[in-house]
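For reference, the chains in residue letters:
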Amino acid sequence: MRDVVQLTLPAASAYLSVLRTATASLAARADFTLDDIEDLRIAVDEACALLLLSAVPGSNLECTFELSPGVIQVSVTVRSLDGEPPSRETFAWTVLTALADEVSSSVDADSRVTIGLRKRRGVPEDGVPSPAAATPGATWTENAGAPASGPVGAP
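Residues numbered from 1 in each chain as written. Predicted model: local features only at pLDDT ≥ 70, side-chain atom pairs only at ≥ 80, totals over all residues. Heavy atoms only, no water.

Student: How would you sum up the overall build of the protein? Please name residues and give values.
Tutor: In terms of regular secondary structure, the protein is built from 4 helices and 5 strands. Looking at the protein as a whole, 34% of its 155 residues qualify as buried. Once local pairs closer than 6 in sequence are excluded, the contacts in the protein between residues at least 24 apart make up 64%. Here the protein has roughly 9,300 Å² of accessible surface; of this, 52% comes from carbon and sulfur atoms. (Helix = DSSP H or I, 4+ residues; strand = E, 2+ residues; numbered from the N terminus. Buried < 20%, exposed > 50% of the residue type's maximum accessible area, 1.4 Å probe, protein only. Contact = heavy atoms within 4.5 Å. Areas by Shrake-Rupley, 256 points an atom, 1.4 Å probe, with all protein chains shown as cover.)

Put into structure tokens, the structure is as follows:
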């Protein structure tokens, strides 16, 4: 099962706060960790900033979120003045690739430039991934010999 959410906003930086809020809300709804929510929020903001540099004045910024179990895919599209994808040699692109699991860009025949991001849900807030999620099919047992608290080896 997957959900699709589409937002269309004026292609102006004044409206990016709406997109940042929507991104964080959707990632929280998908049970992403706080760190993953923040990473995705920053990545979407950075992708939009890259696209707005060459956006046709008065055009719209279109953002599509596809939510699947454990994964969010985001596509941000704007009509571009130059019809060129963003350079992959910039600091902004480096930030995108560090924050998202997958990043892509494309241009269609109408000079609409799209940046796509894919982010997988990470480790839960307690820092302990579920054993089943870490290794599907493996059998896990609790380590009864570990101390309940205190440093390892403490009496």
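That covers the picture; the talk isn't over yet.
Student: So, the side chain of threonine 33: which residues are in play, and what are the values?
Tutor: In this structure, threonine 33 sits in the loop between α1 (16–29) and α2 (34–52). A polar side-chain atom of threonine 33 sits 3.1 Å from the main-chain amide nitrogen of aspartate 36. (Polar contact = N/O pair within 3.5 Å; in protein donor to acceptor, adjacent residues only side chain to side chain.)

Student: Let's hear about helix α3 (residues 91–99): which residues, and what values?
Tutor: Those residues of α3 that fall on the buried side of the exposure criterion are Ala92, Trp93, Val95, Leu96 and Leu99. Down the axis of α3, the smallest arc covering the buried residues is 155 degrees, so these residues share one side. Of the exposed residues in α3, the ones pointing more than 90 degrees away from its buried face are Phe91 and Ala98. Its buried side turned inward, α3 meets α2, β4 (102–107) and β5 (112–120). (Arc of directions from axis to C-beta.)

Student: For the environment of alanine 28, give the residues involved together with the corresponding values.
Tutor: The topology assignment puts alanine 28 in helix α1. The class of alanine 28 is partly exposed, set by a relative accessible area of 40%. For the pair formed by alanine 28 and glutamate 38, sequence separation is 10 residues and the distance between their alpha carbons is 10.0 Å.

Student: Lay out the sheet that holds strand β3 (residues 71–79) in plain terms, naming residues and giving numbers.
Tutor: With antiparallel pairing, 5 strands are arranged side by side in an open sheet as β1-β2-β3-β5-β4. Where the open sheet ends on each side, the last strands, each with one partner, are β1 (3–10) and β4. Adjacent strand axes in the sheet meet at a mean angle of 15 degrees when their direction is disregarded. In the sheet, β1 pairs with strand β2 (residues 60–68) via 8 bridges, with the strands oriented antiparallel. Among the inter-strand pairings, valine 5 is bridged to a residue of β2, identified as phenylalanine 65. The strands that α1 touches are β1, β2 and β3; relative to β2, the one it contacts most, it runs at about 5 degrees. Across the sheet, α2 is in contact with β2, β3 and β5; its angle to β5 comes to roughly 170 degrees. (Pairing = 2+ DSSP bridges. Axes fitted to C-alpha atoms, helices over the stretch in contact; angles between N-to-C directions.)

Student: Kindly report on the nonpolar core, identifying the contributing residues and their values.
Tutor: Among the nonpolar cores identified, the biggest contains 36 residues, and Leu61, Ile72, Val74, Leu96, Ile115 and Leu117 are the most heavily contacted of them. Elements that contribute at least two residues to this core include exactly α1, α2, β2, β3, α3 and β5. A per-element tally of this core places α2 first, with 9 residues. Contacts of valine 74, omitting those with residues within four sequence positions, involve Leu40, Val44, Cys63, Thr64, Phe65, Ile115, Gly116 and Leu117. (Core = buried A, V, L, I, M, F, W, Y, C linked by side-chain atoms within 4.5 Å.)

Student: Hey, could you go over unusual backbone geometry for me, with residue numbers and the actual values?
Tutor: With a phi angle near 60 degrees, aspartate 31 is a residue other than glycine that sits in the positive phi range. By secondary structure assignment, the location of aspartate 31 is in the loop between α1 and α2. We classify aspartate 31 as exposed; its relative accessible area is 57%. Phi is positive for serine 111, which is not a glycine, with a value near 60 degrees. A relative accessible area of 26% places serine 111 in the partly exposed class.

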